[in-house]
Every structure is written in C-alpha cells, then in structure tokens.
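Examination of the molecular architecture
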Amino acid sequence: MDLGVLWFGIIAFFFIGYFVLDGFDFGVGMSMPFVSKDDTDRRVVINTIGPVWDLNETWLIVAGASLFAAFPEWYATLFSGFYLPLLVILLALILRGVSFEYRHQRPELAWKRRFDRMIVWGSVIPAFLWGVAFANIVRGVSLNADHDYTGTVFELLNPYALLGGLTTLLLFFTHGALFLALKTEGEIRVRSRTLATRAGVLTIGVAAAFLLWTVVEFGTLPALLLAVAAAVSLIASVFANLRGREGLAFGLMAGTIALAVLTLFASLFPDVMPASNDPANSLTIANASSSPYTLQVMSWTALIALPLILLYQGWTYWVFRKRVTRAHIDGSADPGVERTVEVAH
C-alpha cells in the first residue's frame, strides 16, 4: 500500500478522534449557560469533563505532529496561510484551559462568572473556526507555484466556509448536550436532553445543507455515501435522545461527527490542499508527503504507540464513567477543585 495514502488516512483518523472527543468538550462549555441555574450546577457541568478535557486535546497535538512529519509541505502551507485563524483557535484553547484551572481559586461569584464566560467563548470560537478551516481546505485556496497561500484572511470567510463553521458549531453543541445528559442526574440531565433535542433539530437542517453542498460541488461517490450515512446517524441520534436512550444518542452523534470528517477527507482525496486559482498549484498526497523512509519509520512507530494511546484513553474513560451529581459537589471535601477524581464517582 502507498504509505502516503496510508498516512492521509491516519491523519484523518487523528482529526476524527480530536473532533469527536474535544467536540463534546466544546459542546459542554457552550451548553453551560443553558443548563446551569447556579454555581453548583456550573461546577457539575465542568466536572463532567474535568478529568478528560486535557487528554482529549492531545489528539490535536498528535494530529499536528503527524501532519508535520508525514506531509511537511501541507503543514507549511496550512499553518502559514491559515496563521490568523489557527492562532485565534490556540488562544481560545489556552483561555479555556486557564479558566478550568483558575475559576475555583477565589470564592467570589464575579470571579467565577468571568472565567465561566471565558469557558463559553473558549469553546464557541474553536468549534466555529475548525469548521471554517476544514471547509476552506476542501474548497481550495489561492496558491502560487511554490504552494504558498496568496489570498487574504477575508477570502477564508466565504459562504461555504462560514456554513462549515456553523455546522461544526452546532454538531459540537448538540454533542456536548448529549454528553451532559449521559453524565449527569436530576434537573441538569433533563435540561440537557431538552437542549440536545432542540439543538439537534437545527443541526439536522444546517448539516444537511453543508454536506449536500460539499457532495455536489466537491464530492465523489465515496463522499456521497459517507454523507448519507452521516445524515442517517444524526437523525437517529436525535430520535434516540427523544426516547431517552442517552448512551445510544451520544454514540450516534460521535458516529455522525466521524462520518462528517470522513466525508471531507473523501472529498479532498487525492489532494491535500487544492489550489482554487490553478489546479496545477495544488498540493497532493504525492507532492506533499515526506520521503518513503520517513513514512516507513513513522508507520512502525504508529503501530507500536497508537494501540497504547487508545488503551490508555479507554482506561481513563472507564475510570471516570459514573454520573456527576450535585450531591458529589456539595459533599466534596475540597469544593473548589474542578478536576478531582471523587466527582466522577
């Protein structure tokens, strides 16, 4: 098998893992104002992702490192051309992480609310901009013969990309609400299920429009099949939530996000960064990949390391599988700590 194609698939897998896992983190952050009535509620919401949010973000680090090593030309063009939006994403992720760690350091409600707003916006901004970025990658951008981006940041804010950003925003928002319904009890659980239903209905319409646009203008037969599967999974997730099948609904939404990302990569293949101004300037798997030796070494490394990463992540989620309740928060020995192990039991 061609190692360049293999690593194109591996990078797609890493981004799927990142969007599925950090996607519900973003959704939890965005859902907090809608499902929380007081500070205890907000602490319950934060504690649902407290033990795992930083672990979920490691998928982005692995994806970026793999992209740099396997496709250095793609990495260079992407991170230079999309420098501003990627910088904004990074700053938002930093603010969100700081908020998780610092909101409990002082007892004043004003202090906590300030960091709560940072959590919300630190979730909204990446959720939207990741969709904008990937939509532009599929659509293509202006590249010269040296594969340098020649457009402006405003070129990235085209209707297709903005629709892509709205799609990921709503997908993650619904994903996070379903996760909260799965991980909480009482009123927060009820509010989260209601929120997931309402958001899910809106998400179906927006995601359907984006996937249809993608398939019609940029897609292939595999992309069409994946888009149909994503649409079916999304609708099934909403119906499962209506019937109170929270675990099934969350799993189907994870499948929806995975299939949507696969649709984008299938639409992109065999390019990795199409040139909208001149197809001859496009970056492809063949002209953007590293040497065969580099890819071979990376493949053996991935074969050893990837199963260990998956096992560790699976073990972490198993340990913190229990629901979080207000009683856990009110009865905790250290009421300020948002990431304690005890809140997950």
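Please read these numbers as outputs of a predicted model, since none were measured by experiment. (Residues numbered from 1 in each chain as written. Predicted model: local features only at pLDDT ≥ 70, side-chain atom pairs only at ≥ 80, totals over all residues. Heavy atoms only, no water.)

1. So, the overall build of the protein
Scanning the protein from N- to C-terminus turns up 13 helices and two strands. At 20 Å, the protein has a C-alpha radius of gyration in line with the 20 Å of a compact globule built from 345 residues. In terms of overall dimensions, the protein has a C-alpha envelope of 65 × 40 × 35 Å along the principal axes. Within the protein, the proportion of its 345 residues that are buried is 54%. Sequence-distant contacts, at least 24 apart, represent 78% of the contacts inside the protein between residues at least 6 apart. For the protein, the accessible area works out to roughly 15100 Å², and carbon and sulfur atoms hold 71% of it. (Helix = DSSP H or I, 4+ residues; strand = E, 2+ residues; numbered from the N terminus. Rg over C-alpha atoms; globule rule 2.2 N^0.38 Å. Buried < 20%, exposed > 50% of the residue type's maximum accessible area, 1.4 Å probe, protein only. Contact = heavy atoms within 4.5 Å. Areas by Shrake-Rupley, 256 points an atom, 1.4 Å probe, with all protein chains shown as cover.)

2. Focus: the packing of aromatic side chains
One pass over the structure, following the stated rule, counts 31 aromatic pairs. Geometrically, the ring pair formed by F8 and W74 is stacked, given 6.4 Å between the ring centres and 25 degrees between the ring planes. Of this pair, F8 sits in helix α1 (residues 3-35) while W74 is found in helix α4 (residues 72-81), placing the two residues 66 residues apart along the sequence. Each member of the pair F8 and W74 is classed as buried. On the basis of an interplanar angle of 75 degrees and a centroid distance of 5.1 Å, the ring pair of F15 and F134 is categorised as edge-to-face. (Phe/Tyr/Trp six-rings, centres within 6.5 Å; stacked < 30°, edge-to-face > 60°.)

3. Focus on the environment of D2
With respect to the helices, strands and loops of the structure, D2 is situated in the segment before α1. Distance in space between the C-alpha atoms of D2 and F172 is 33 Å, their sequence separation being 170 residues. At 3.0 Å, the side chain of D2 and the backbone nitrogen of G4 are in polar contact. Within the structure, the side chain of D2 is placed 3.0 Å from the backbone nitrogen of V5, a separation counted as a polar contact. (Polar contact = N/O pair within 3.5 Å; in protein donor to acceptor, adjacent residues only side chain to side chain.)

4. Here's the deal with the nonpolar core
Among the nonpolar cores identified, the biggest contains 94 residues, and W7, F19, F71 and W74 are the most heavily contacted of them. Dropping the residues within four chain positions of it, W7 is found in contact with F14, S66, A70, F71, L295, M298, S299 and A302. (Core = buried A, V, L, I, M, F, W, Y, C linked by side-chain atoms within 4.5 Å.)

5. A few points about the confidence of the model for the protein
On average, the protein scores 89 in pLDDT, and the residues at 70 or more come to 95%. Of all helices and strands in the protein, the one with the weakest mean pLDDT is helix α13 (residues 326-330) (76), whereas helix α7 (residues 159-183) scores best (95). Taken together, the stretch residues 332-345 has pLDDT below 50 and engages in 34 contacts with residues farther than four places along the chain or on a different chain. (pLDDT = per-residue confidence, 0-100.)

6. Description of the side chain of D25
With respect to the secondary-structure elements, D25 resides in helix α1. Beyond its immediate chain neighbours, meaning those up to four positions away, D25 contacts I49, V52, W53, N56, R96 and S123.

7. Description of the pattern of salt bridges
Any two side chains of opposite charge can pair, given that their charged atoms come close. For the structure on display, the rule yields 15 salt bridges. Close ionic contact of D22 with R96 constitutes a salt bridge, the shortest N to O distance being 3.3 Å. Linking D22 in helix α1 with R96 in helix α5 (residues 83-102), this pair joins segments that are 74 residues apart in sequence. A single burial state applies to D22 and to R96, both of which are buried. (Salt bridge = Lys/Arg side-chain N within 4 Å of Asp/Glu carboxyl O.)

8. Here's the deal with the environment of N287
In this fold, N287 is placed in helix α11 (residues 285-288). The spacing of N287 and G4 is 283 residues in sequence and 9.7 Å in space, taken between C-alpha atoms. Apart from residues lying up to four places away in sequence, N287 is in contact with E73, H147 and S282. Reaching out from N287, the side chain makes a polar contact with the backbone oxygen of S282 at a distance of 3.3 Å. Reaching out from N287, the side chain makes a polar contact with the backbone nitrogen of T284 at a distance of 2.7 Å.

9. With respect to helix α6 (residues 109-139)
For an α-helix the count is 3.6 residues per turn, leaving residues at separations of three or four pointing the same way. For α6, built from 31 residues, the straight-helix expectation of 45 Å at 1.5 Å per residue is met to within 8% by its first-to-last C-alpha distance of 45 Å. Phi turns positive, to about 100 degrees, at G140, one or two residues after α6. (Expected span 1.5 Å × (residues − 1).)

10. Let's talk about the side chain of R96
According to the relative accessible area criterion, R96 is buried, its value standing at 0%. A distance of 2.5 Å separates the side chain of R96 from the side chain of E57, its partner in a polar contact. Excluding its chain neighbours within four sequence positions, the residues that come into contact with R96 are D22, D25, F26, W53, E57, M118, I119, G122 and S123.

11. Examining the packing of helix α3 (residues 53-70) against α4
Where α3 contacts α4, the axes come no closer than 5 Å and their chain directions differ by 120 degrees. The pairing of α3 with α4 is recorded here as oblique in orientation. Within the contact between the two elements, α3 uses G64, L67, F68, A69 and A70 and α4 uses P72, W74, Y75, L78 and F79. Tallied by class, the residues present in the contact of α3 with α4 amount to nine nonpolar, one polar and no charged. (Axes fitted to C-alpha atoms, helices over the stretch in contact; angles between N-to-C directions. Parallel < 35°, antiparallel > 145°, perpendicular 65-115°, else oblique. Nonpolar A, V, L, I, M, F, W, Y, C, P; charged D, E, K, R; others polar.)

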